[in-house]
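Examining the three-dimensional arrangement
Below are the chains, spelled out letter by letter.
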Amino acid sequence: MSTLAIQGCQWGDEGKGKVTDYYASKADIVVRSQGGNNAGHSIVHKGKRYALRLLPSGVFNPNAINILADNVVINPWDLIGEIDNLHNLGIKDFKILVSSRAPILMPYHLVLDRAREQALSKNKIGTTLRGIGPCYEDVVSRIGLRFGDLLDLDALKVRLEGVLEIKNLELKAFGQEGFSVEELYPKLIEISKYFSPLIIDTTAYLTKAIKEGKKILFEGAQGAMLDNIHGTFPYVTSSSPLATAIPLNTGMPLDCVNNIIGIVKAYTTRVGEGPFPSEIENEELAHKIRETGHEYGTVTKRPRRIGWLDIPQLRYVHSISGVTHVAFMLLDVLSSVDEIKLCVSYSLNGKEIDYMPSTVAQLSKVETKYITLPSWKEDISSCRKYEDLPLNARRYIEKVEELTGLKATIVSVGPDKEETIIREDIF
Ligand code: GDP
Ligand code: IMO
Ligand code: MG
């Protein structure tokens, strides 16, 4: 069995799409296991840039089967739009399968996401407004619809009637219009026609694939610090982006993942509200990095907040997820700065701490200590071997390796697939 999981190690947008695309070219099956169209993976394939939200980044390998597994919240209308868009761009030859257990993200989830953010006002989370949180709430409160429900239209109608009784009460509490069965049921019938041939029991499918020794890539969405238990709660998403959640999110046994490659950007970014200990306060410098790295949201186009690489944060993520390897991304962007800072420790109330504070109040009070390293000015995008990198770039990588205990298996020096240094073959 050869399986590899891709896990974002910061607050998302680390470059997971590029790494997934690279490994997907060697995979038999690519599995997405959580999140929804809040994810935005930008991939440069054969010189053209594509933005994926729900579709696994295996779509560029015509031989791979792409699976949307049990805990991916799927807005079916948005997914059809994404498929049509790829077809129009000439990417037609891909296969997808959808879990019968995957939750259906409904139009009322979008209304509730917006209403909730408005009600939170200055305390808003800064969600992507794609209805992700409300859809997961319906899973936990056991009233959500799932893709398997689309396979029996009579039973679906009865379920929808029951679901709407509750949802309309919630919508009313937020001063929003309710939804009727007459409005939503025909829409679901259309969706059922489209998806019925693609809905399967993905647990049975993956169990067989593992027995047959197929190469399986588990694609990640979001980043560890957005985990809804271990991240910067409440400024997080509503699922677990940790590779340790893959067994639960796919209906697989605990040992289904052989290796976990943690995706780490050479600096840090985050979108939305919430604490960000190593955020760069100098707006001129943050702006320079943002422009060089094109740090604008793939989904919402919001400018990303910029910070230095944060060692305590990476150590924490290492300990909660057990990543085995690292892909060090966007290193070329740091060619634009005069010197690089590296956050090496946190203090709270004047005392150094060796844990990640769990409350926003504490995290916002954390004092960060930095070391400064010299940058390099050379364009590194044509480096293909580790030895080709300027000495100061290697020193930076090696310092991060020393402080985190993790080896950079991949060093990425540009958005293109070719702009990559592979130091070890792990899949
Ligand atoms: P994801 O959500 O983790 O897949 O990341 P995003 O796609 O949202 O953001 C990463 C961005 O960085 C995308 O625009 C990528 O094309 C780009 N990218 C990935 N690797 C590199 C790199 O090594 N250098 C540069 N300059 N851009 C990169
Ligand atoms: P990828 O896969 C960056 C953030 C949102 C917000 C919080 C909650 O591209 O790395 P949600 O809509 O999930 O309820 O929003 O989580 N967020 C992301 N930030 N990259 C993502 O995905 C994200 N998905 C959600 O900005 O702060
Ligand atoms: Mg992204």
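The structure we're discussing is the one just above.
The following refers to the structure shown.

The rules behind the values
Residues numbered from 1 in each chain as written. Chains lettered and ligands numbered in written order. Predicted model: local features only at pLDDT ≥ 70, side-chain atom pairs only at ≥ 80, totals over all residues. Heavy atoms only, no water. Axes fitted to C-alpha atoms, helices over the stretch in contact; angles between N-to-C directions. Helix = DSSP H or I, 4+ residues; strand = E, 2+ residues; numbered from the N terminus. Parallel < 35°, antiparallel > 145°, perpendicular 65-115°, else oblique. Left-handed = near helix turned anticlockwise from the far one by under 90°. Contact = heavy atoms within 4.5 Å. Nonpolar A, V, L, I, M, F, W, Y, C, P; charged D, E, K, R; others polar. Near = heavy atom within 4 Å. Polar contact = N/O pair within 3.5 Å; in protein donor to acceptor, adjacent residues only side chain to side chain. Areas by Shrake-Rupley, 256 points an atom, 1.4 Å probe, with all protein chains shown as cover. Donors = N, O, S within 2.8 Å, 3.2 Å for Na, K, Ca; no water. Buried < 20%, exposed > 50% of the residue type's maximum accessible area, 1.4 Å probe, protein only. Pairing = 2+ DSSP bridges.

**Here's the deal with the packing of helix H5 (residues 153-173) against helix H6 (residues 181-195)**
Interhelical geometry of H5 versus H6 gives an angle of 140 degrees and a closest axis separation of 11 Å. In terms of orientation, H5 lies oblique with respect to H6. Like other packed secondary-structure pairs, H5 and H6 cross with a definite hand, here right-handed. Mapping the contact onto sequence places Leu-153, Asp-154, Leu-156, Lys-157, Leu-160, Glu-161 and Leu-164 in H5 and Val-181, Leu-184, Tyr-185, Leu-188, Ile-189 and Ser-192 in H6. Looking at the contact of H5 with H6, its residues break down into 9 nonpolar, 1 polar and 3 charged.

**A look at the site of ligand 2**
Inspection of the region around ligand 2 gives 20 residues, with Asp-13, Lys-16, Thr-128, Gln-222 and Thr-237 positioned closest. Between an oxygen atom of ligand 2 and a side-chain N or O atom of Lys-16, the distance comes to 2.7 Å. The separation between an oxygen atom of ligand 2 and a polar main-chain atom of Val-271 is 3.1 Å. Burial of ligand 2 by the surrounding chains reaches 98%, relative to a free accessible area of 550 Å².

**Some remarks on the coordination of the magnesium ion (ligand 3)**
Protein coordination at the magnesium ion (ligand 3) comes from Asp-13 (OD) and Gly-40 (O), with a distance range of 2.0 to 2.1 Å. With a gap of 27 residues between them, Asp-13 in the loop between strand S1 (2-8) and helix H1 (16-24) and Gly-40 in the loop between strand S2 (29-35) and strand S3 (41-45) connect regions that are remote in the sequence.

**Observations concerning the pairing of S3**
S3 sits mainly inside the fold: 4 of its 5 residues count as buried. Where S3 and strand S4 (residues 48-52) come together, 5 bridges link them in antiparallel fashion. The partner of Ile-43 across the bridge, within S4, is Tyr-50. Where S3 hands over to S4, the hairpin turn is made up of 2 residues, of which Lys-46 adopts a positive phi near 45 degrees.

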